[in-house]
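# Tertiary structure, described
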Amino acid sequence: MVLTRIMSSRLRTVFRPLFLTNQNMSSSSETLLEEVGDKGLITLNRPKALNALNINMIRQIYPKLQEWETTKTMVIIKGAGDKAFCAGGDVLSIVQTVNDENPVGEYFFREEYKLNCLIGTFHIPYIALIDGITMGGGVGLSVHGQYRVATERTLFAMPETSIGLFPDVGGSHFLPRLGGRLGMFLALTGQRLKGHDVLKAGVATHICDSERIPELEKSLLNLTSNYPEDIAAVLNKFSEEATFSKDEPFSLQPVLSKIQSCFSGTSVEEIISNLEKQDGSEWAQKQLSILKKSSPTSLKVTFEQIERGAQLTLQECLSMEHRIVSRIYKGHDFKEGVRAVLIDKDHKTSWSPATLEEVPTEDIIQYYFSPLDPEKELMF
């Protein structure tokens, strides 16, 4: 779940290739659900909103995936337009209804996390074509699937601490498994990864030139067998033939040792102290600036969730995140972060509490991580 900026410019709608013949389609204007022979194709169809995920889309995708899991041999998901796969969840509707009798947040996160879990436990190949912006809720729709194909236009981030939230949609599961302390670094700072870096970090499994995405889609849909090795062969071919930055090193390679040493701290405060000891390096100063602008509460919650998530299953992580989000979305910082970034766009946040020192760690753990009432717990 993450912020998404509504774009006013007209974005091109995705090209509908002629090879999609003899297909059945059930769709709303926001989600296209197509049956192409023995395969399913999902298109997130809100290009002017960067394909931001809303509750209606979740309710269209979830039952269709349940059906396709037993009736199809493969599912492909993509975003309409040439700007985004999915830039995140529709947080505006959550903030705007927080005081309503039936706030969107009371059911949005529960249903979104159930969809994330279904993707993560899907019994047939699930291929996400993450061409363009892929953040928050868009990460949840892709990263738990078997295959994630990035392009030179892919822009990945989990920047929730900047709006008073935390890296949810299973972030506590996949981030600590990226290797070393890279996941903790990405979670706390919201660092963006572009193009081939998404592959090198372990978020994507393959890459493909963006102009060849329709060709890749066609090749997958035209497969006559559902053998994993045949699917892998197609993905590997396009990945090996990608022309962008394939031989360039990981952009974070020069600072991986610093990430490992600094972000191995046993608390957010210790991580900041480690950064302050980096002899004033430009990289360390940048990370300090980012952390000091983020919600102190979000930083402490995020640190704890990533630490715990390293030892939990995906289902356990999502249940933990549901406990956290059920409380945090009603709080001051989430509303303030969305106001500052999305509504007023002044980027002048007034967090409460305002400093890490004012956020007692034990109180945070007791409040945000404790069980909900039994009827409100997220069960799988």
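These figures come from a predicted structure and were not determined experimentally.

Within the chain, the secondary structure is distributed over 16 helices and 11 strands. Computed over C-alpha atoms, the radius of gyration of the chain comes to 20 Å, within 12% of the 21 Å expected from 2.2 N^0.38 for 380 residues, which places it in the range of a compact globule. Along the longest, intermediate and shortest principal axes, the C-alpha atoms of the chain span 60 × 50 × 40 Å. Residues counted as buried form 60% of the 380 residues belonging to the chain. Accessible surface, the chain as shown: approximately 15800 Å² in total, 49% of it carbon and sulfur. Side chains of the chain give 40 positive and 48 negative charges; the mean places of these two sets differ by 4 Å.

Between its terminal C-alpha atoms helix 13 (residues 296-309) stretches 20 Å, which fits the 20 Å expected from 14 residues at 1.5 Å a residue. Along helix 13, 12 of the 14 residues are buried, which leaves the element largely enclosed by surrounding structure. Regarding helix 13, the residues found buried are Pro 296, Thr 297, Ser 298, Leu 299, Lys 300, Val 301, Thr 302, Phe 303, Glu 304, Gln 305, Ile 306 and Gly 309.

Topologically, Phe 85 is positioned in strand 5 (residues 84-86). By relative accessible area, which is 0% here, Phe 85 ends up buried. Spatially, the C-alpha atom of Phe 85 lies 30 Å from that of Leu 288, the residues being 203 residues apart in sequence.

Looking at the secondary structure, you find Asp 197 in helix 7 (residues 196-200). Of the side chains with opposite charge, Lys 200 lies nearest to the buried Asp 197, which makes no salt bridge, at 6.7 Å. In contact with Asp 197, not counting residues within four places along its chain, are Pro 249, Phe 250 and Ser 251.

The next subject is helix 1 (residues 55-71). Working note: α-helix, 3.6 residues per turn, so residues spaced by three or four point in the same direction. The terminal C-alpha atoms of helix 1, which comprises 17 residues, lie 25 Å apart, in line with the 24 Å expected from a rise of 1.5 Å per residue. When helix 1 is considered as a whole, its buried residues turn out to be Ile 55, Met 57, Ile 58, Ile 61, Lys 64, Leu 65, Trp 68 and Glu 69. Here helix 1 starts with a cap whose side-chain oxygen sits 3.2 Å from the backbone nitrogen of Asn 56, and that cap is Asn 54.

As annotated in UniProt, the feature "domain: Enoyl-CoA hydratase/isomerase" (unreviewed entry) corresponds to residues 40-367 in the numbering used here. Annotated as residues 40-367, this span is 48% helix and 10% strand, and its ends, taken at the C-alpha atoms, are 42 Å apart.

Attention now goes to the packing of helix 6 (residues 182-189) against helix 12 (residues 282-293). Put simply, helix 6 and helix 12 touch, their axes get as near as 9 Å, and they point 50° apart. On the basis of the axis angle, helix 6 is oblique to helix 12. In this structure, helix 6 contributes Phe 185, Leu 188 and Thr 189 to the contact, and helix 12 contributes Trp 283, Gln 287, Ile 290 and Leu 291. Along the lines of polarity and charge, the residues of the contact of helix 6 with helix 12 split into 5 nonpolar, 2 polar and no charged.

In this section: the confidence of the model for the chain. In the predicted model, the chain carries a mean pLDDT of 92, and the fraction of residues at 70 or more is 93%. In the model, residues 2-22 has pLDDT below 50 throughout and makes 59 contacts with residues more than four positions away in sequence or in other chains.

Let's shift gears to unusual backbone geometry. The peptide bond linking Ser 352 to Pro 353 adopts the cis configuration, its omega dihedral lying at 0°. In this fold, Pro 353 is placed in the loop between helix 15 (332-343) and helix 16 (361-368). Positive phi outside glycine occurs at Lys 345, with the angle close to 60°. With respect to the secondary-structure elements, Lys 345 resides in the loop between helix 15 and helix 16. Under the relative-accessibility criterion, Lys 345 is labelled partly exposed at 44%.

Now for the environment of Ala 80. As for its placement among the helices and strands, Ala 80 is situated in the loop between strand 4 (74-79) and strand 5. In this structure, the C-alpha to C-alpha distance between Ala 80 and Asn 51, residues 29 residues apart in sequence, is 7.1 Å.

Turning to the sheet that holds strand 10 (residues 193-194), a few remarks are in order. In space, the 4 strands of this open sheet follow the order 5-7-9-10, with mixed pairing throughout. Of all the strands in the sheet, the pair left with one neighbour each is strand 5 and strand 10. Summarising the sheet, strand 7 (residues 133-135) and strand 9 (residues 155-157) pair through 3 bridges and their orientation is parallel. Within the sheet, the bridge partner assigned to Met 135 lies in strand 9 and is Ala 157.

What follows is about the packing of aromatic side chains. Inspection of the entire model under this criterion finds 8 aromatic pairs. An angle of 55° between the planes, with centres 6.2 Å apart, marks the rings of Phe 109 and Tyr 113 as tilted. With Phe 109 and Tyr 113 both in helix 3 (residues 105-120) and 4 residues apart, this pair spans about one turn of that helix. In terms of burial, Phe 109 and Tyr 113 fall into one category: buried.

What follows covers the nonpolar core. Most often, soluble globular proteins keep nonpolar side chains buried together rather than apart. If you look at the biggest cluster of nonpolar residues, it comprises 94 residues, and the most contacted ones within it are Leu 65 and Phe 263. Once you skip the residues sitting within four places of it in the chain, Phe 263 turns out to touch Arg 181, Met 184, Phe 185, Leu 188, Thr 189, Lys 258, Ile 271, Leu 275 and Trp 283. Membership of the second largest hydrophobic core comes to 19 residues, among which are Ile 127, Cys 208, Leu 216 and Leu 223.

Conventions adopted
Residues numbered from 1 in each chain as written. Predicted model: local features only at pLDDT ≥ 70, side-chain atom pairs only at ≥ 80, totals over all residues. Heavy atoms only, no water. Helix = DSSP H or I, 4+ residues; strand = E, 2+ residues; numbered from the N terminus. Rg over C-alpha atoms; globule rule 2.2 N^0.38 Å. Buried < 20%, exposed > 50% of the residue type's maximum accessible area, 1.4 Å probe, protein only. Areas by Shrake-Rupley, 256 points an atom, 1.4 Å probe, with all protein chains shown as cover. Lys, Arg positive; Asp, Glu negative; His and termini not counted. Charge placed at Lys NZ, Arg CZ, Asp CG, Glu CD. Expected span 1.5 Å × (residues − 1). Salt bridge = Lys/Arg side-chain N within 4 Å of Asp/Glu carboxyl O. Contact = heavy atoms within 4.5 Å. Polar contact = N/O pair within 3.5 Å; in protein donor to acceptor, adjacent residues only side chain to side chain. UniProt positions renumbered as here; feature names shortened; annotations may be inferred. Axes fitted to C-alpha atoms, helices over the stretch in contact; angles between N-to-C directions. Parallel < 35°, antiparallel > 145°, perpendicular 65-115°, else oblique. Nonpolar A, V, L, I, M, F, W, Y, C, P; charged D, E, K, R; others polar. pLDDT = per-residue confidence, 0-100. Pairing = 2+ DSSP bridges. Phe/Tyr/Trp six-rings, centres within 6.5 Å; stacked < 30°, edge-to-face > 60°. Core = buried A, V, L, I, M, F, W, Y, C linked by side-chain atoms within 4.5 Å.

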